[in-house]
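# Coordinates in review
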Amino acid sequence: MPCLPDAVLPVDATTALTAFSLADGPALAAAVADLEIRRWLPLPRPYTVQLAGRWATESTESIRASGAGLVRCIRVGGSLAGCIDVKRVDWRACTAEIGYWLAPEFRGQGHASAAVRALSSWLLDVHSFERVELRIATGNSASARVASHAGFVREGVARNAGSTDDGRVDLAVWSRIAGEGRV
């Protein structure tokens, strides 16, 4: 099974997509305690520092090594700002989905859009993927703005396709495809 390399992806002068480390455990646990993140992502409760540390090291590497995807830390000025991941990789069809979140203090500054743009361009241009999707709960307007600013096109709604701690949600499907103009 192919897998994506354990690469550091530069986003801009102060931002990079890197592997997580055990030292990220406390910041990771604190970030995912945020109510806005928990509103849209079904995460374990409680999300302890120990669980965060195991996920940051063992789980993320297992996902990468298996070919199932790639999990990166969004680092701004060296600090953990958020998470971005490649999932639902179909190596035969050359398609994948990206998911992302940012800690509260890093929102509204363009970091998520820049990270999504950089990672999707890397998949499309460097690794010859044909299609990259985002699936965003229809009520998550902040994430929809990220998708639009990152050059994704909204295609439609997959009804009852996602779940949050509050139950089932419809997901807007956004995409970038190979050969489209870049932002």
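That block above? That's the structure.
Residues numbered from 1 in each chain as written. Predicted model: local features only at pLDDT ≥ 70, side-chain atom pairs only at ≥ 80, totals over all residues. Heavy atoms only, no water.

### Comments concerning the sheet that holds strand 4 (residues 79-90)
Spatial strand order, 1-2-3-4-5-6-8-7: eight strands in an open sheet with mixed pairing. Both edges of this open sheet fall to strand 1 (9-10) and strand 7 (153-164), since each of them pairs with a single strand only. Pairing of strand 3 (residues 70-76) with strand 4 involves seven bridges; the strand directions are antiparallel. The residue bridging V71 from the neighbouring strand is D85, located in strand 4. (Pairing = 2+ DSSP bridges. Helix = DSSP H or I, 4+ residues; strand = E, 2+ residues; numbered from the N terminus.)

### Focus: the nonpolar core
Formed by 50 residues in total, the largest nonpolar core has its most connected members in L28, I84, Y100 and L134. Ranked by the residues each element gives to this core, the list is headed by helix 4 (residues 111-126), at eight residues. Excluding residues within four positions of it along the chain, L28 makes contact with F20, Y47, A52, W55, A56, L80 and W101. (Core = buried A, V, L, I, M, F, W, Y, C linked by side-chain atoms within 4.5 Å. Buried < 20%, exposed > 50% of the residue type's maximum accessible area, 1.4 Å probe, protein only. Contact = heavy atoms within 4.5 Å.)

### Some words on the environment of D125
On the secondary structure map, D125 appears in helix 4. A C-alpha to C-alpha distance of 28 Å links D125 and N140, two positions 15 residues apart in sequence.

### Remarks on the pairing of strand 5 (residues 95-102)
A regular strand places its side chains on the two faces of the sheet in alternate fashion. Among the eight residues of strand 5, seven are classified as buried, and the element is accordingly described as predominantly covered. Hairpin remark: strand 4 followed by strand 5, antiparallel, with four residues in the connecting loop; positive phi at C94, about 60°. Of the strand pairs in this sheet, strand 5 and strand 6 (residues 131-137) are connected by three bridges, and their pairing is parallel. Bridge assignment links A96 to a residue of strand 6, and that residue is V132.

### Re the pairing of strand 7
Here eight bridges tie strand 7 to strand 8 (residues 167-177), and the two strands are oriented antiparallel to one another. Within strand 8, the position partnered with G162 by the bridge is V169. Where strand 7 hands over to strand 8, the hairpin turn is made up of two residues, counted between the paired strands.

Interpretation in functional terms is not warranted from these geometric data alone.
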